[in-house]
Amino acid sequence: MGFLATIVVGGLIGWVSTIITKTSNQLGCLWNIFLGIAGAALGHWAAEKYFHFNVEKGFNWEYFGVGVGGAIALIIALRFIGIIRNK
């Protein structure tokens, strides 16, 4: 994907994951983009390494789902460390 597409899809992945984990009121747009991009990278790494799941490059629903799962895992880890607070 191109740079702009990565930012847009990363923002969508981050936004959906913050809605699922009920942290959307705490985080802004830049956090959503960061969580989406970093979470997607984490999710794809874990999916390939541990589950032998190969996701095709480009946008598809598998890519989006694995990205949301990785972003949720990242939010849980950030809550555990204390960077994101529980309400």
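As shown above, the structure is provided for reference.
Below is a summary of the structure that appears in this document. (Residues numbered from 1 in each chain as written. Predicted model: local features only at pLDDT ≥ 70, side-chain atom pairs only at ≥ 80, totals over all residues. Heavy atoms only, no water.)

**Topic: the packing of aromatic side chains**
Summed over the entire model, instances satisfying the criterion amount to three aromatic pairs. Ring geometry for Trp-45 and Tyr-50: centres 5.6 Å apart, planes at 85°, overall edge-to-face. A relative accessible area of 46% means that Trp-45 is categorised as partly exposed. Since its relative accessible area comes to 52%, Tyr-50 is described here as exposed. Each ring, one from Trp-61 and one from Phe-64, has its centre 5.9 Å from the other, and the planes form 80°; the classification is edge-to-face. Here the residue Trp-61 and the residue Phe-64 both occupy positions in helix α3 (residues 61–81), the gap between them amounting to three residues, near one helical turn. Residue Trp-61 is classed as exposed on the basis of its relative accessible area of 64%. Phe-64 gets classed as buried once you look at its relative accessible area, which sits at 15%. (Phe/Tyr/Trp six-rings, centres within 6.5 Å; stacked < 30°, edge-to-face > 60°. Buried < 20%, exposed > 50% of the residue type's maximum accessible area, 1.4 Å probe, protein only. Helix = DSSP H or I, 4+ residues; strand = E, 2+ residues; numbered from the N terminus.)

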